[in-house]
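Overview (structure and organization)
Next come the chains, spelled out residue by residue.
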Amino acid sequence: MLGHGYLNALKNAKSTVYGPAREKIGTLGNIFMDVRTGDADFVTVRLGLFGAEELLVSLRGAVITDGHLQVRFSKDVIRHAPKVDPASALDDAEKSLLDGYYSVMDPDTGG
């Protein structure tokens, strides 16, 4: 998993989030930590003009490269993810819903 400190530095720098083919998705927003492990497991990505839309994406398989975050999921996959409030803490049901969606959509599992 990616460390919170690295992600926080990227967030403060308003880093870009890229998809698996290095296509620009949006700007890194909030970081969500798993309270049991202390690992970052989701981040929000601000999409659209002025970051008007903010959606959650899984950090499964994500890497930091060239000072930016690269995730395993395309913009289209992220846009169709279950909608949860990006301004509040994830409850267990929301986390389970997002984990299930991104597991199915993971390129390594044939989603």
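Given the structure is predicted, the values throughout are model-derived calculations rather than measurements. (Residues numbered from 1 in each chain as written. Predicted model: local features only at pLDDT ≥ 70, side-chain atom pairs only at ≥ 80, totals over all residues. Heavy atoms only, no water.)

1. Looking at the sheet that holds strand β3 (residues 40-47)
Read across the open sheet, the six strands follow the order β4-β3-β2-β1-β6-β5; overall the sheet is mixed. Edge positions in the open sheet fall to β4 (53-58) and β5 (63-65), since each of these has one partner strand only. Adjacent strand axes in the sheet meet at a mean angle of 40 degrees, parallel and antiparallel pairs treated alike. Pairing of β3 with β4, which is carried by six bridges, proceeds in the antiparallel orientation. Bridge assignment links Val 43 to a residue of β4, and that residue is Val 57. Sheet contacts for helix α3 (residues 92-105): β3 and β4; angle to β3, the most-contacted strand, approximately 80 degrees. (Pairing = 2+ DSSP bridges. Helix = DSSP H or I, 4+ residues; strand = E, 2+ residues; numbered from the N terminus. Axes fitted to C-alpha atoms, helices over the stretch in contact; angles between N-to-C directions. Contact = heavy atoms within 4.5 Å.)

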